[in-house]
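Letter by letter, the chains look like this.
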Amino acid sequence: VVRIYALAGFEVRLINADNEFECLRDDLTAVGIRLNIAAANEHVPRIERRFRVIKERCRAIRHDLPYVIMPKLMVVELMYFVVHWLNAFPVKIEVSDNLSPGAIITGRSPDFNIHCRLKFGSYVQTYEENHPRNSMQARTLGAITLGPDSSTRGGYYFMNLNTGRRIHRVFVAK
């Protein structure tokens, strides 16, 4: 994370964290970063509020899905999906009113026509490149959409319904 911020031109001098990050103190001190550890049961209201927003968004998306049970992969990817989209839009009380946190750090903003074509949890058929090409194997694969990648080409992550693993494909609408 420190490297990502450095690539964007930011210098990290202080990290606020909880006890789980105490093991990083020596490494961070060696590179000139101070680590401020919160005491047990000490809460930072701004961070707690952000956690609450993430949980609320996850619940809203989860209850919109037709599935009774979600595999662990989908739960984890749902968290990534929500955080990705929260970071894609400007926040009123943050650094910039015009730039999103994601745009400030990565220099890229999502394109609606590329990154918003598929809904989280939607069923799709992804194209599979089989070798040899003249076989009778299926050329598509059933998958569940997990969300867009951050590329400019329109890639998406999917859960392969045959293996339950995450796959990466370029979405092509027909």
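In this report, the structure presented in the accompanying data block is examined.

How each quantity is defined
Residues numbered from 1 in each chain as written. Predicted model: local features only at pLDDT ≥ 70, side-chain atom pairs only at ≥ 80, totals over all residues. Heavy atoms only, no water. Phe/Tyr/Trp six-rings, centres within 6.5 Å; stacked < 30°, edge-to-face > 60°. Buried < 20%, exposed > 50% of the residue type's maximum accessible area, 1.4 Å probe, protein only. Pairing = 2+ DSSP bridges. Helix = DSSP H or I, 4+ residues; strand = E, 2+ residues; numbered from the N terminus. Axes fitted to C-alpha atoms, helices over the stretch in contact; angles between N-to-C directions. Contact = heavy atoms within 4.5 Å.

### Here's the deal with the packing of aromatic side chains
Move 1: Per the counting criterion, the structure on display carries 5 aromatic pairs.
Move 2: Ring centres 6.2 Å apart and planes at 75 degrees place the aromatic pair Y5 and F10 in the edge-to-face group.
Move 3: Judged by relative accessible area, Y5 falls into the partly exposed class, the value being 35%.
Move 4: Looking at F10, the relative accessible area reads 38%, which means it is partly exposed.
Move 5: The interplanar angle of 45 degrees and the centroid separation of 5.3 Å between the aromatic rings of F81 and F120 together place this pair among those described as tilted.

### Some remarks on the sheet that holds strand β5 (residues 155-160)
Move 1: What the 4 strands build is an open sheet, ordered β3-β4-β5-β6; its pairing is antiparallel. Because the sheet does not close on itself, it has two edges, and the strands there are β3 (123-127) and β6 (166-170). On average, adjacent strands in this sheet sit at an angle of 55 degrees to one another, irrespective of strand direction.
Move 2: Across 5 bridges, the pairing between β5 and β6 is antiparallel. Bridge pairing links Y156 to R169 in β6.
Move 3: Each of β4 (140-148), β5 and β6 is contacted by helix α4 (residues 72-86), which is oriented at about 45 degrees to β4, the strand it contacts most.

### What to know about the side chain of T126
Move 1: Along the chain, T126 falls in strand β3.
Move 2: The exposure class of T126 is buried, given its relative accessible area of 4%.
Move 3: Excluding its chain neighbours within four sequence positions, the residues that come into contact with T126 are R139, T140, L141, A143, F158, I167 and R169.

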